[in-house]
Amino acid sequence: MADDGRKRTDGTGVVVATPESIARAARRLREGELVAFPTETVYGLGADATDEDAVAAVYAAKGRPASNPLIIHVADLDATRELAPFDERAEALATAFWPGPLTLILPRAARCAIAGRACAGRDTVAVRVPDNHVALALIRVAGRPVAGPSANLSGRPSPTTARHVYESLGDAVPTILDGGSCAVGIESTILDLTGDEPLLLRPGGASVEAVEELIGPVGRPQGAGEATPTSPGRAESHYAPNLPVRLGATHADPDEALLAFGPVVPGGAAKTLNLSTAGDVVEAAVNLFDMLLRLDTPEFRRIAVMPVPETGMGRAVNDRLRRAAAPRPASRLAAAPCR
Ligand code: AMP
Ligand code: MG
């Protein structure tokens, strides 16, 4: 098969990101197609955020509930001002953190061009500027804000390589731009700035302590971890591999795969991967989803995970691990294994 910039000869849709392949992908994005792209957090499933049909295709490809709104990726702060009014707090945070893994929930501007579906019909919009040159080039060349949830089936571990995207979504994504592994490896920190008190909706790649230094104390929503009106995507089970997950492991059974952390690792597991032999929580975030996916094979009964300290990036890692281990909805248990 000829390489038309969309399909590699292996038919996966994965193309190495070059100025030429990015330009082709940007054109297709403007035409309403989906394009998966790397960011510093995880791979995103991109659509022209101003195109209702393209946004609908994102929900369909992921099997994502229409009530769970999407993060809008923009090239710079100025492009964001057209979408939402920035108060002093938003201005300070965007200046300090962008490009970077901090998503701000803001009120929608009256003339906001973002498709209503991308915001799940709400009067708020979630925005960030990603810190990845392929993502930024794609957004700039397309000349559109890009709606980009993680490029995986809803509820499953997030993709941190182009290969993960193909394995989760297959042919549903005609173009997957390959920009290598994600530098942070875990999703953005989400901060809701629509009320008087800033609220942390999700711990992630940006440090909450650094946020608090700039704008003062940040609240945690009541019932975090549940699907709440302000945080519709906070369903308990998420990031879940097919295998059950056992947390706090200090030993491993012979039929378990062990996701280890730190220099001292119990023996006895069928297979062991170490998030960080040095005990570094930032390195653990980089490795988390890739290692979860690599251990998720039917030859093991369960994935046992050693404790990760609840400090710094460890909080975001533990948030994902708790959700990976949470009881799964019946519909997920019956689902066929992910490609
Ligand atoms: P993700 O699962 O990484 O796509 O994260 C998106 C999350 O950001 C959603 O689940 C919501 O919690 C939050 N979010 C996105 N857009 C909005 C919005 N317009 N209003 C409120 N929260 C939002
Ligand atoms: Mg996701």
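Our subject is the structure that appears above.
Now for a look at the structure at hand.

Cut-offs used in this document
- Residue positions are counted from 1 within each chain, in the order its sequence is given.
- Key to labels: chains lettered from A, ligands numbered from 1, both in the order written.
- Local features in this predicted model are restricted to residues of pLDDT 70 or higher, and side-chain atom pairs are both shown and tallied only at a pLDDT of 80 or more, whereas totals for entire chains, interfaces and linings draw on every residue.
- Computation of side-chain values: all heavy atoms of the structure, hydrogens and water removed.
- Each helix is a run of DSSP H or I of at least 4 residues and each strand a run of E of at least 2, with the numbering of both proceeding from the N terminus.
- For this measure, only C-alpha atoms enter the radius of gyration; the expected value for a globule follows 2.2 Å times N^0.38, where N is the number of residues.
- Any residue under 20% of the maximum accessible area for its type is buried, any over 50% is exposed, and the rest in between are partly exposed; the area is computed with a 1.4 Å probe on protein chains only.
- Should any heavy atoms of two residues lie within 4.5 Å, those residues are counted as being in contact.
- When charges are counted, Lys and Arg are positive and Asp and Glu negative, with His and the chain ends excluded.
- Positions of charges follow a simple convention, taking NZ of Lys, CZ of Arg, CG of Asp or CD of Glu.
- In this context, the arc is that of the directions from the helix axis out to the C-beta atoms.
- Here the rule is simple: two strands pair whenever DSSP picks up at least two bridges between them.
- Axis lines are fitted to C-alpha atoms, over the contacting stretch for helices. Their N-to-C directions set the angle, which ranges from 0 to 180 degrees.
- Oblique is the label for every angle not falling under 35 degrees (roughly parallel), over 145 degrees (roughly antiparallel), or within 65 to 115 degrees (roughly perpendicular).
- What makes a crossing left-handed is the near helix being turned counterclockwise from the far one by less than a right angle; a clockwise turn instead makes it right-handed.
- One speaks of a salt bridge when a side-chain nitrogen belonging to Lys or Arg is within 4 Å of a carboxyl oxygen belonging to Asp or Glu.
- Take the buried residues of types Ala, Val, Leu, Ile, Met, Phe, Trp, Tyr and Cys, join any two whose side-chain atoms come within 4.5 Å, and each joined set is a nonpolar core.

### Some details on the overall build of the protein
Next up, step 1: Along its length, the protein carries ten helices and 14 strands.
Next up, step 2: Expected size for 339 residues packed as a compact globule is a radius of gyration near 20 Å; at 19 Å, the protein falls within 12% of this value.
Next up, step 3: Principal-axis analysis of the C-alpha atoms places the extent of the protein at approximately 60 × 55 × 35 Å.
Next up, step 4: For the protein, the residues scored as buried account for 56% of the 339 residues in total.
Next up, step 5: Within the protein, contacts between residues at least 6 apart in sequence are counted, and of these 65% link residues at least 24 apart.
Next up, step 6: Once the 35 positive and 41 negative side-chain charges of the protein are each reduced to a mean point, those two points are 4 Å apart.

### Observations regarding helix α4 (residues 88-97)
Next up, step 1: For α4, the full list of buried residues reads Arg89, Ala90, Leu93, Ala94 and Phe97. Projection of α4 onto a plane perpendicular to its axis shows the buried side chains occupying an angular sector of 120 degrees, all on one side. The outward face of α4, more than 90 degrees from its buried face, is lined by the exposed residues Glu88, Thr95 and Ala96.
Next up, step 2: The secondary structure elements touched by the buried residues of α4 are α3 (77-81), β5 (102-107), β9 (189-192) and α7 (208-215).

### A closer look at the sheet that holds strand β13 (residues 271-274)
Next up, step 1: Judged by pairing direction, the sheet is parallel, and its four strands sit side by side in the order β11-β14-β12-β13 without closing on themselves. Each having just a single partner strand, β11 (245-246) and β13 make up the two edges of the open sheet.
Next up, step 2: Bridging between strand β12 (residues 256-260) and strand β14 (residues 302-305) involves four bridges; their strand directions are parallel. When the sheet's bridge partners are listed, Ala257 is paired in β14 with Ile303.

### Considering the sheet that holds strand β8 (residues 175-178)
Next up, step 1: With mixed pairing, ten strands are arranged side by side in an open sheet as β1-β8-β2-β3-β7-β4-β6-β5-β9-β10. The open sheet has two edge strands, β1 (14-16) and β10 (199-202), and neither has a second partner.
Next up, step 2: Against the sheet, α4 contacts β5 and β9, and its axis sits at roughly 155 degrees relative to β5.

### As for the packing of helix α1 (residues 19-30) against helix α5 (residues 133-142)
Next up, step 1: It is at 8 Å that the axes of α1 and α5 come closest, and there the two elements cross at 50 degrees. Between α1 and α5, the crossing angle belongs to the class labelled oblique. Considering how the two elements wind past one another, α1 and α5 form a crossing that is right-handed. Counting all contacts with α1, which are made through Ile22, Ala23, Ala25, Ala26, Leu29 and Arg30, the residues of α5 involved are Val134, Ala137, Leu138, Val141 and Ala142.

### Some details on the pattern of salt bridges
Next up, step 1: Applying the stated criterion across every chain yields a total of 20 salt bridges.
Next up, step 2: For Arg220, the salt bridge goes to Glu212, with nearest N and O atoms at 3.6 Å.
Next up, step 3: Residue Arg220 is classed as partly exposed on the basis of its relative accessible area, which comes to 46%.
Next up, step 4: The salt bridge partner of Asp319 is Arg320, with a shortest N-O separation of 2.6 Å.
Next up, step 5: Asp319 gets classed as buried once you look at its relative accessible area, which sits at 6%.
Next up, step 6: Overlapping salt bridges bring together Arg246, Asp253, Asp255, Glu256, Arg301 and Arg302 as one network.

### Re the nonpolar core
Next up, step 1: If you look at the biggest cluster of nonpolar residues, it comprises 53 residues, and the most contacted ones within it are Ile72, Leu93, Trp98, Leu102, Leu104, Ile114 and Leu191.
Next up, step 2: Sorting elements by how many residues they give to this core places helix α2 (residues 52-62) first, with five residues.
Next up, step 3: With 28 residues, the next largest nonpolar core counts Leu243, Ala257, Val305 and Leu321 among its residues.

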